Amino acid sequence: MAEILDAEERWRTLTRTGPGTPAGRLLRRFWQPVVVSHELPPGSAPRPVRIMSEDMVLFRSDDGSVGLIDPRCAHRNVDLSYGRVEDGGLRCIYHGWLFGIDGRCVERPNDPDDDETCSNIRIKSYPCIDRGGLIWTYMGEGELPLLPEFPFLDAAPGHRYIWRWFSNCNYLQGVDGDVDPSHTSFLHGLNVEKVDEERRNRFNLHSVDKAPRLTVKETSFGLRVLAERMVSAEKAKYLRVSNWILPNGSAANGHETYLGLGGCSTHWHVPIDDTHHMRFEIVYHAKKPLPIEAIDKIRAAEQPVFGQPRRTPENRYRQNREEMNTTFAGLGVAFPIHDIVATEAQGPINDHRTEHLIASDVAVARMRRELLAAIQASERGEEPRGIIRDPALRHFKDFVVFSEKLDENADAVAFADEIATQDIYSRG
Ligand code: FES
Ligand SMILES: [Fe+2]
């Protein structure tokens, strides 16, 4: 039986992820992206990173392996992010102690009595893997789970694009937004009369019916969310399928939408601390190459420094009231920025107790309930779903993302089930 919590306890439990918190313990039981792989090339400087309220240093050792270790040298606490990457580890610049990727002190060269005992000195470390264009870490206890085989992991060259966005708010606001299909008609909306044909075609379907009907279905990794919009003039409906991936991921169509079946944009909202998170976004298409240069141009316009939006609360996100004649929000054309502004504008930690959820929030409400249940199950020592131990279950068979126009009477749930049986992510 799940413990009954009042509204404040629920909100606190869901949004606090520091060490020792219930949600923090749950998130730590899943592999989490830390940086994009190209940000840590061979020979690069160690990077200070803050993740789930823990300050760490990430480095790629000279043998290519990646370590995430405590930045405080075990000798006298000098910050190891200033250290030298050499001899298979990270060497402190003060007295030369050397730490391996597992946090173990392997050399203590200023010690006249140096002997084997230095191998007993160890600083905190978390295992990392470099897969699918991301560096992932596992910060939980016990045996490492497997990284699920998301479709984008083994992308052909030109079929994957990864960006990340620093975000000034609690991670859950990012996750909420990803299971909230009705905002697309507004926040990302355009005045379709005033934009070019390509954009008009892309957004028209979201604009015609602004109040999609939602259906939420449990999957092996989280939830599938179906949003149906009526296109009355064509006796059709537009179905968009998105997913929540336990505990802080999602997948829906993004920049690759117009390339048809076989695409997905997968996100993780990784807490930096309780009032900041990093949104990782992996745009992928199995069968068709992406317009990488075009996407990167959008990114570069919004992020002069990779990962850091130029629109911030300090400059009021450069919102342009003139532009609101053509775009709903006056915030340019990069969807992630729209999401970031809206979610940051909910405050550093959105207070669930003052919200008024309606039928279009059914997936948000369900996701929060399931997340709370997973946290409580994890606290009881149970293993939440979505954690993979058996290599045979490494592919989530029910993972599917698409947007399709159907006959107005079509059964959307059955249609999505049928698409999920087709191997749409085979590279074929
Ligand atoms: S403080 Fe790091 S080696 Fe002395
Ligand atoms: Fe959005």
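Worth saying up front: this structure is predicted, and the values here are computed from it rather than measured. (Residues numbered from 1 in each chain as written. Chains lettered and ligands numbered in written order. Predicted model: local features only at pLDDT ≥ 70, side-chain atom pairs only at ≥ 80, totals over all residues.)

Colleague: Honestly, the sheet that holds strand S9 (residues 125-131) in this entry has me stumped. Any pointers?
Modeller: Within a sheet, neighbouring strands are paired by backbone hydrogen bonds and run either parallel or antiparallel to one another. The 6 strands are arranged S1-S10-S9-S4-S3-S2 in an open sheet whose pairing can be described as antiparallel. The open sheet has two edge strands, strand S1 (32-36) and strand S2 (47-51), and neither has a second partner. The average angle at which neighbouring strand axes cross in this sheet is 30°, direction not considered. Bridging between strand S3 (residues 54-60) and strand S4 (residues 66-69) involves 4 bridges; their strand directions are antiparallel. What sits directly across from Phe59, in S4, is Gly67. (Pairing = 2+ DSSP bridges. Helix = DSSP H or I, 4+ residues; strand = E, 2+ residues; numbered from the N terminus. Axes fitted to C-alpha atoms, helices over the stretch in contact; angles between N-to-C directions.)

Colleague: Whenever I open this one, the domain arrangement of the protein confuses me. Can you help?
Modeller: In many analyses, interface size is given as the accessible surface area lost on bringing the parts together. Examined at the domain level, the protein breaks down into domain 1 (31-137) and domain 2 (151-421). Each of domain 1 and domain 2 has a C-alpha centre, and these two points are 34 Å apart. Contact residues are listed per partner, giving 11 residues for domain 1 and 12 residues for domain 2. Among the elements of the structure, S1 and S2 are those that each provide at least two residues to the side of domain 1 that touches domain 2. (Domains from an automatic or database assignment. Contact = placed C-beta atoms within 7 Å.)

Colleague: Mind showing me how you'd approach the pairing of strand S16 (residues 263-273) here?
Modeller: Within S16, 9 of the 11 residues are buried, leaving the element largely enclosed by the surrounding structure. Two elements, strand S15 (residues 249-252) and S16, share 4 bridges in a ladder whose sense is antiparallel. Residue pairing for S16: Ala251 is matched across the bridge by Thr266. (Buried ≥ 20, exposed ≤ 12 C-beta atoms within 10 Å, placed from the backbone.)

Colleague: I keep staring at unusual backbone geometry and nothing clicks. Help me out?
Modeller: Working note: non-glycine residues mostly have negative phi, and peptide bonds are mostly trans. In this model, Leu246 is joined to Pro247 through a cis peptide bond whose omega is -10°. Topologically, Pro247 is positioned in the loop between strand S14 (236-245) and S15. A positive phi is found at Tyr317, a non-glycine position, where the angle reads about 55°. Mapped onto the elements of the fold, Tyr317 is located in the loop between helix H5 (292-302) and helix H6 (335-344).

Colleague: Whenever I open this one, the nonpolar core confuses me. Can you help?
Modeller: Leu58 and Ile135 are the most contacted members of the largest nonpolar core, which has 90 residues in total. For this core, the element with the most residues is helix H7 (residues 362-379), which contributes 7 residues. Counting only domains with at least three residues in this core, you end up with domain 1 (31-137) and domain 2 (151-421). (Core = buried A, V, L, I, M, F, W, Y, C linked by C-beta atoms within 7 Å.)

Colleague: So what exactly am I meant to see when it comes to the sheet that holds strand S8 (residues 105-107) here?
Modeller: Spatially, S5-S6-S7-S8 is the arrangement adopted by the 4 strands of the open sheet, whose pairing is antiparallel. Whereas interior strands pair on both sides, the edge strands pair on one side only; in this sheet they are strand S5 (84-86) and S8. Across 2 bridges, the pairing between strand S6 (residues 89-91) and strand S7 (residues 98-99) is antiparallel. Directly across from Arg91, in S7, lies its bridge partner Leu98.

Colleague: Please explain helix H3 (residues 171-178) as it appears in this structure.
Modeller: Residues spaced three or four apart along an α-helix face the same direction, because each turn holds 3.6 residues. The buried fraction of H3 amounts to 8 of the 8 residues, a majority that puts the element mostly inside the structure. Those residues of H3 lying buried are Tyr171, Leu172, Gln173, Gly174, Val175, Asp176, Gly177 and Asp178.

Colleague: Before we go on, may I ask you to explain the packing of helix H1 (residues 7-15) against H7 in this structure?
Modeller: Any two packed helices are characterised by how steeply their axes cross, that is the angle between the axes, and by the distance between the axes. It is at 10 Å that the axes of H1 and H7 come closest, and there the two elements cross at 75°. In terms of orientation, H1 and H7 fall into the roughly perpendicular class. Along its contact with H1, which presents Arg10, Thr13 and Leu14, the element H7 presents Arg368, Leu371, Leu372 and Ile375. A breakdown of the residues in the contact of H1 with H7 according to their chemical character gives 4 nonpolar, 1 polar and 2 charged. (Parallel < 35°, antiparallel > 145°, perpendicular 65-115°, else oblique. Nonpolar A, V, L, I, M, F, W, Y, C, P; charged D, E, K, R; others polar.)

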